[in-house]
Amino acid sequence: MSGEQKLTLKALFESSVEKFKDQIALSFVDETPLTYGELGHLSDKIIKALQERGIQKGDKVAILSENGPRWGVAYFSVARMNAVNVPILPDFHKSEVHHILRNSGTRVIFVSGKLFHKISDTKLPDLELIIVVDDEKVSHDSIKIECFSDLLDGKKSDAKPKKSIELEDAKEDDLVEILYTSGTTGHSKGVMLTNKNIVSNAISALKMISITSTDRLLSILPMAHSYECTCGFVTPIMGGSKIYYIKGLPTAQTLLPAVAKIKPTIILSVPLIMAKIYKKKVVSEINAKAVGKTLYKVAPTRKLINKIAGKKLYEAFGGELRFMVFGGAATPLEVEDFLTDGGFPYITGYGMTESAPLLTVNPVGNVKKQSAGVVVPSVELKIGDPDPDTKIGEILAKGPNVMQGYYKNEEATQSTFTADGWLITGDRGYIDSDGYLFIKGRSKNLILGPSGENIFPEEIEFHLSENPFVLESLVYDKDGRINARIHLDYDALDREYQTSTMDASKASGIVQNLLEDIRKEVNSKLAVYSRIHRIIEQPEEFEKTPTKKIKRYLYTS
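Here the structure is a predicted model, which is why all the values come from computation and not from measurement. (Residues numbered from 1 in each chain as written. Predicted model: local features only at pLDDT ≥ 70, side-chain atom pairs only at ≥ 80, totals over all residues. Heavy atoms only, no water.)

### Here we look at the overall build of the protein
Of the regular secondary structure elements, the protein holds 16 helices and 26 strands. Relative to its 557 residues, the protein shows a buried fraction of 56%. A separation of at least 24 residues holds for 63% of the contacts in the protein among residues at least 6 apart in sequence. Accessible surface, the protein: about 25,000 Å² in total, of which carbon and sulfur atoms supply 52%. (Helix = DSSP H or I, 4+ residues; strand = E, 2+ residues; numbered from the N terminus. Buried < 20%, exposed > 50% of the residue type's maximum accessible area, 1.4 Å probe, protein only. Contact = heavy atoms within 4.5 Å. Areas by Shrake-Rupley, 256 points an atom, 1.4 Å probe, with all protein chains shown as cover.)

### Digging into the packing of helix α6 (residues 195–208) against helix α7 (residues 226–239)
One way to put it is that α6 packs onto α7 with a least axis distance of 9 Å and a crossing angle of 80°. Classed by the angle they form, the pair α6 and α7 counts as roughly perpendicular. On α7, the residues that touch Ile198, Val199, Asn201, Ala202, Ile203, Ala205 and Leu206 of α6 are Thr230, Val234, Thr235 and Met238. By residue class, the composition of the contact of α6 with α7 is 8 nonpolar, 3 polar and no charged. (Axes fitted to C-alpha atoms, helices over the stretch in contact; angles between N-to-C directions. Parallel < 35°, antiparallel > 145°, perpendicular 65-115°, else oblique. Nonpolar A, V, L, I, M, F, W, Y, C, P; charged D, E, K, R; others polar.)

### Comments concerning the packing of aromatic side chains
Scanning the entire structure with this criterion turns up 16 aromatic pairs. Here the aromatic rings of Phe76 and Phe233 are separated by 5.3 Å at their centres, their planes lie at 45°, and the arrangement is tilted. Placement of Phe76 in helix α3 (residues 69–80) and of Phe233 in helix α7 is noted, with a sequence separation of 157 residues between them. Owing to a relative accessible area of 1%, Phe233 belongs among the buried residues under this scheme. Seen in terms of ring centroids, Tyr314 and Phe344 are 6.3 Å apart; in terms of plane orientation they differ by 80°. Their pairing is edge-to-face. Here Tyr314, found in helix α11 (residues 299–316), pairs with Phe344, found in the loop between α12 (333–341) and β14 (346–351); they are 30 residues apart in sequence, far enough to count as distant. You'll find Tyr314 and Phe344 in the same group, each marked buried. What links up through ring pairs into an aromatic cluster is the set Phe13, Trp71, Tyr75, Phe76 and Phe233. Directly above the aromatic system of Tyr406 lies the positively charged group of Lys189, at a separation of 4.5 Å from the ring centroid. If you follow Lys247 out to its NZ or CZ, it ends over the ring of Phe28, 4.9 Å from the centre. (Phe/Tyr/Trp six-rings, centres within 6.5 Å; stacked < 30°, edge-to-face > 60°. Lys NZ or Arg CZ within 6 Å of the ring centre and 35° of its normal.)

### So, the side chain of Asp215
You can see Asp215 is positioned in the loop between α6 and β10 (216–219). Within the structure, the side chain of Asp215 is placed 3.0 Å from the backbone nitrogen of Thr212, a separation counted as a polar contact. (Polar contact = N/O pair within 3.5 Å; in protein donor to acceptor, adjacent residues only side chain to side chain.)

### Digging into the nonpolar core
In this structure, Tyr75, Phe110, Leu218, Phe233 and Leu464 are the most contacted members of the largest nonpolar core, which totals 167 residues. Leu474, Tyr476, Ile536 and Phe542 belong to the second largest nonpolar core, which has 5 residues in total. (Core = buried A, V, L, I, M, F, W, Y, C linked by side-chain atoms within 4.5 Å.)

### A word on the environment of His93
Position of His93 relative to the elements: it lies in the loop between β4 (84–87) and α4 (94–104). C-alpha separation for the pair His93 and Thr340, spaced 247 residues apart in sequence, amounts to 38 Å. Not counting residues up to four positions away in its chain, the partners in contact with His93 are Ser524, Lys525, Leu526 and Ala527.

### What about the environment of Glu380?
Residue position: Glu380 is located in strand β17 (residues 380–384). Every residue in contact with Glu380, bar those within four places of it in the chain, is listed here: Val375, Leu396, Ala397, Lys398 and Trp422.

### Some remarks on the packing of helix α2 (residues 36–52) against α3
Two numbers describe how α2 lies on α3: the axes approach to 9 Å, and their chain directions differ by 60°. Judged by the angle between their axes, α2 and α3 are oblique. Regarding α2 and α3, the two cross each other, and that crossing is right-handed. On α3, the residues touching Leu39, Gly40, Leu42, Ser43, Asp44, Ile46, Ile47 and Leu50 of α2 are Val73, Phe76, Ser77, Val78 and Arg80. (Left-handed = near helix turned anticlockwise from the far one by under 90°.)

### A look at the pattern of salt bridges
Here the structure, examined in full by the defined rule, presents 21 salt bridges. Lys57 is paired through a salt bridge with Asp174; the nearest N and O atoms lie 3.7 Å apart. Residue Lys57 is found in the loop between α2 and β3 (60–64), and its partner Asp174 is found in the loop between α5 (148–152) and β8 (175–181); the two are separated by 117 residues along the sequence. Judged by its relative accessible area of 15%, Asp174 is buried. Here Asp121 and Lys94 are joined by a salt bridge, their closest N and O atoms 3.1 Å apart. One end of the pair, Asp121, is in the loop between β5 (108–111) and β6 (129–132); the other, Lys94, is in helix α4, with 27 residues separating them in the sequence. Taking relative accessible area as the criterion, Asp121 reaches 52% and is therefore assigned exposed. Accessibility expressed as a relative area gives 27% for Lys94, which makes it partly exposed. A cluster of three or more residues bridged by salt bridges with shared partners is formed by Lys10, Glu14, Asp44 and Arg80. (Salt bridge = Lys/Arg side-chain N within 4 Å of Asp/Glu carboxyl O.)

### Observations regarding unusual backbone geometry
The residue after Ala356, namely Pro357, is reached through a cis peptide bond having omega -5°. Looking at the secondary structure, you find Pro357 in the loop between β14 and β15 (358–361). One non-glycine residue with positive phi stands out, namely Lys263, at about 50°. A positive phi angle is found at Gln498, which is not glycine, with a value near 55°.

### Quick word on the sheet that holds strand β24 (residues 470–478)
The pairing of strands in a sheet comes from backbone hydrogen bonds and takes either a parallel or an antiparallel form. Pairing is mixed across the open sheet formed by 3 strands, whose spatial order is β24-β25-β26. In this open sheet, the two strands that pair with only one neighbour each are β24 and β26 (532–537). Between one strand axis and the next, the sheet turns by 25° as a mean value, whatever way the strands run. Pairing between β24 and strand β25 (residues 481–488): 8 bridges, direction antiparallel. By the bridge assignment for β25, Tyr476 is matched with Asn483. (Pairing = 2+ DSSP bridges.)

Given below as structure tokens:
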């Protein structure tokens, strides 16, 4: 993409289609790939079909589907016709999907057959058309349904078709995406991203991490997540790379055959995936023998064992990996030590949906352990109100990648920016003398899910509070799992079950059964990644601050 072209997804896409037209763009593993030229051709057809069905500039078009080439076709088609993408994470609970569609005023949704049930039994006043991405046969009482293939084949709409109009040039500051991230009161917030927000961030990523037409990426994170969308989709498209997708979840059964076939050069992941591999494969095998367990406790032999295990792991990932990128959460030090000792190439990064998302990257070949890396080009970072001794303070950001604001939520927008226009990240940290950012805590209590999803404890606590037996609750992350502490209404419990007349053992059994029932009830309302693993009884009231806020740090360590 030349410097003279506008910073728009339309310009980015059309430049890549022209430059790399005969090269592979998108493909499922073991299926016929789409070249960049074919990708452009399919996008033209989808645009024409959407225009005939009345979609115009500014209209909202949602995508609720698993990863795949057609997700990408839909995304760029919507962007090219100056409509607004509304990507939805597949793991969002049905009620959250409904809220997003209503709040955004979505007119059309691309949805897979597997996820259709999340919109099948509700009335959505603005939704006019459902396009089934994988052509599954589904039905809806009141909304028209068409198959993706029918649009590609030029099938006319039953309604009077609108005339296709020439696409006007997209503007850099045009809204091109509303990306919903979990909220704190039971409702998600729509992050408004412009063409310039996304494309400038993709350019920054490309400058930090060279991605070219010789690279092969294996996509394993949800494309509706900002990290995967910008860094694992838009940026590689800009570089002319080949992107491959797995059908189904990226488990060992699906992932290992895929990497053996594709031999990826780049994979975007979250630290949890590598941490699980390290603990369940590397450490468990070492600890299986007493001698190995003993030797691994000694630093010199641990390095040697890591070197051998790291080489085996590298070969298991196809043997051609240039680097794996970790984002969305901190990488455990023991995992970084293993990767470094084992010569396994990796880098880390940091960002947030509100910054489209990239803010920092650990440079290739210059990774500083436990840091989030250095600020990417075109972005500014500073530490607000730093502690005089530790230098830790609020991490603030500014740059062309920073969002317009939250959709239809001016109050939340105002509270997310300083008076002089800096984005308040909600994280606390410091920048060392070499310019590396170190994140030391989440000032907003944010919990990150297994694929980098934003999980707010307050949202889960909101659902817990709906139970009549719950007086107070506290939700927190414990070893990568969501835990909750609950202070019950013992008077209500006694009235319902007459616990005061029972022996302690029987009363305790009733409490434990109740806690499990509450856990199941609340989990039925939550996305998979934010479900509660365990609920612990909190016999006394939580200790609070003078402003009646629970002192979280007393219960979450």
